[in-house]
Amino acid sequence: MDDRTDDPTRATHPARPHGDDAGPPYADCVLCGEPTEYPASRPGATLCPVCEWQEAQRTACSG
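Conventions used here
Residues numbered from 1 in each chain as written. Predicted model: local features only at pLDDT ≥ 70, side-chain atom pairs only at ≥ 80, totals over all residues. Heavy atoms only, no water. Helix = DSSP H or I, 4+ residues; strand = E, 2+ residues; numbered from the N terminus. Buried < 20%, exposed > 50% of the residue type's maximum accessible area, 1.4 Å probe, protein only. Areas by Shrake-Rupley, 256 points an atom, 1.4 Å probe, with all protein chains shown as cover. Pairing = 2+ DSSP bridges. Phe/Tyr/Trp six-rings, centres within 6.5 Å; stacked < 30°, edge-to-face > 60°. Lys NZ or Arg CZ within 6 Å of the ring centre and 35° of its normal.

> Outline the overall build of the protein, supporting the account with residue identities and numerical values.
In terms of regular secondary structure, the protein is built from one helix and two strands. Secondary structure of the protein in N-to-C order comes out as β-β-α. Considering the protein as a whole, with its 63 residues, one finds that 17% of them fall into the buried category. Carbon together with sulfur atoms contributes 51% to the accessible area of the protein, which is approximately 4800 Å² in total.

> Describe the pairing of strand 2 (residues 35–39), naming the residues involved and giving the relevant values.
As judged from the two bridges shared by strand 1 (residues 26–28) and strand 2, these two strands associate in the antiparallel manner. Bridging across to strand 2, Tyr 26 finds its partner in Pro 39. The loop that links strand 1 with its antiparallel partner strand 2 comprises six residues; one of these, Gly 33, has a positive phi angle of about 85°.

> Could you give an account of the packing of aromatic side chains, with specific residues and numbers?
Scanning the model with the defined rule gives zero aromatic pairs in all. Residue placement shows Arg 42 over the ring face of Tyr 38; its charged tip is 4.0 Å from the ring centre.

Right, dumping it as structure tokens:
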């Protein structure tokens, strides 16, 4: 059995930081609404790590 943990489909969405060290307001994923790693000021469609990985898989296989 493969025990790799780098598969994003197994990972949970990262939690937003709390408190004064929360950093910039984070953008929500345009597909699932979960928080992303990107600031809200980032241009373009933002995806969370899980949706980003799934989108890469779809585009890689659509020959």
